Amino acid sequence: MTIEAVVFDIGNVLIEWNPERFYDARIGEEARKRLFAEVPLHEMNLGLDRGDPFRPAVYDLAEQYPDWTEEIRHWHDSWLEFAHTEIAHSVRLLRALRAKGLPVLALSNFGIGTFELALEAYPFLAEFDQAYISGRLGCIKPEAEIYQRLEQGAGLPADRLLFADDRPENIQAAEARGWQGHLFTTPQDWAACLIKAGLLTQEDAQ
């Protein structure tokens, strides 16, 4: 089936996002494990992905856990250190696809405030033909609604979309709708997928 658009996740596909690594460096692995066990940080982050306001959500949680106030506030104050580097080969693939004239879309669980920070730090995030950001849409992967919103916005049949994401459940949800999926592990494997699909040549995908 001919691919008419390529869809990229952002976190851990185009930008490394690893709060655990940040906390390990800041407070040590043992303390980080206690922090994540005692404080619902990932649940709070899901709220951000659904559109909760960035600073109030983090600081309100910090007030609820006075033993960890400073550490929790880092989720807001030091967020760019959680997402501290781009995955350069993936960025080259994004640009190579667009240079071929193929629409490239983003589909990402990302908060409104955090995406604004990322966009300023990583200007290539403005290069997508369309960006479907969960915080703006009020729904998240792997919920069906966010995939449907992209299908409607792109105006393409599901089976004409090729999607790369690092989480199996997000790929499974896309494939259940008829999308073609690639579970992202390395940019080299993603490049090989794009070459196999006939979207890029070996030289394009370097």
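For the structure, check the block above.
Everything numeric in this text was worked out from a predicted model, so none of it was measured.

The subject of this paragraph is the layout of surface pockets. Of the voids in this model, the largest pocket is the one considered here, and its volume is about 610 Å³. Among the secondary structure elements, those contributing two or more residues to the lining of the largest pocket are helix 1 (19-27), helix 3 (41-49) and helix 11 (168-176). Top element by residues in the lining of the largest pocket is helix 3. It accounts for five residues. Here the residues of the lining of the largest pocket sort into nine nonpolar, nine polar and seven charged.

Below, the discussion takes up the nonpolar core. Counting 53 residues, the largest nonpolar core has F8, I10, W75 and W190 as its most contacted members. Sequence-distant contacts of W75, defined by excluding residues within four places in its chain, comprise W17, P19, Y23, F36, L41, H42, M44, N45, L48, F54, V58 and F82. Judged by nonpolar contacts, the second largest core, of 17 residues, contains A5, I146, A174 and W179.

Moving on, we come to the packing of helix 1 against helix 5 (residues 69-77). Where helix 1 contacts helix 5, the two axes come as close as 12 Å, and the packing angle between them is 135 degrees. Comparing their axes, helix 5 and helix 1 come out oblique. Viewed along their axes, helix 1 and helix 5 form a crossing whose handedness is right-handed. Touching P19, F22, Y23, R26 and I27 of helix 1 are E71, I72, H74 and W75, all from helix 5. Of the residues that constitute the contact of helix 1 with helix 5, the class distribution is six nonpolar, one polar and two charged.

Along helix 12 (residues 187-196), the residues classified as buried are P187, W190, A191, C193 and L194. Burial along helix 12 is one-sided: seen end-on, the buried residues are contained in an arc of 160 degrees. On its buried side, helix 12 packs onto strand 1 (5-8), helix 7 (88-99), strand 6 (161-165) and strand 7 (180-183). At the C-terminal side of helix 12, G198 shows a positive phi close to 80 degrees.

With that out of the way, let us pick up the pattern of salt bridges. What the rule picks out here adds up to 16 salt bridges. The partner of D9 in a salt bridge is K141, with the nearest N and O atoms 3.0 Å apart. Note that D9 is positioned in the loop between strand 1 and strand 2 (15-16) and K141 in the loop between helix 9 (134-137) and helix 10 (144-154), a separation of 132 residues in sequence. Assessed through its relative accessible area of 5%, D9 is described here as buried.

Note that N45 resides in helix 3. A relative accessible area of 11% means that N45 is categorised as buried. Beyond its immediate sequence surroundings of up to four residues, N45 is in contact with W17 and W75.

Calculation notes
Residues numbered from 1 in each chain as written. Predicted model: local features only at pLDDT ≥ 70, side-chain atom pairs only at ≥ 80, totals over all residues. Heavy atoms only, no water. 1 Å grid on protein atoms, 1.4 Å probe; cavity = no way out; pocket = protein on both sides within 12 Å on 5 of 7 lines; lining within 4 Å. Points joined across faces, edges and corners; volume = space filled by probe spheres on them. Helix = DSSP H or I, 4+ residues; strand = E, 2+ residues; numbered from the N terminus. Nonpolar A, V, L, I, M, F, W, Y, C, P; charged D, E, K, R; others polar. Core = buried A, V, L, I, M, F, W, Y, C linked by side-chain atoms within 4.5 Å. Buried < 20%, exposed > 50% of the residue type's maximum accessible area, 1.4 Å probe, protein only. Contact = heavy atoms within 4.5 Å. Axes fitted to C-alpha atoms, helices over the stretch in contact; angles between N-to-C directions. Parallel < 35°, antiparallel > 145°, perpendicular 65-115°, else oblique. Left-handed = near helix turned anticlockwise from the far one by under 90°. Arc of directions from axis to C-beta. Salt bridge = Lys/Arg side-chain N within 4 Å of Asp/Glu carboxyl O.

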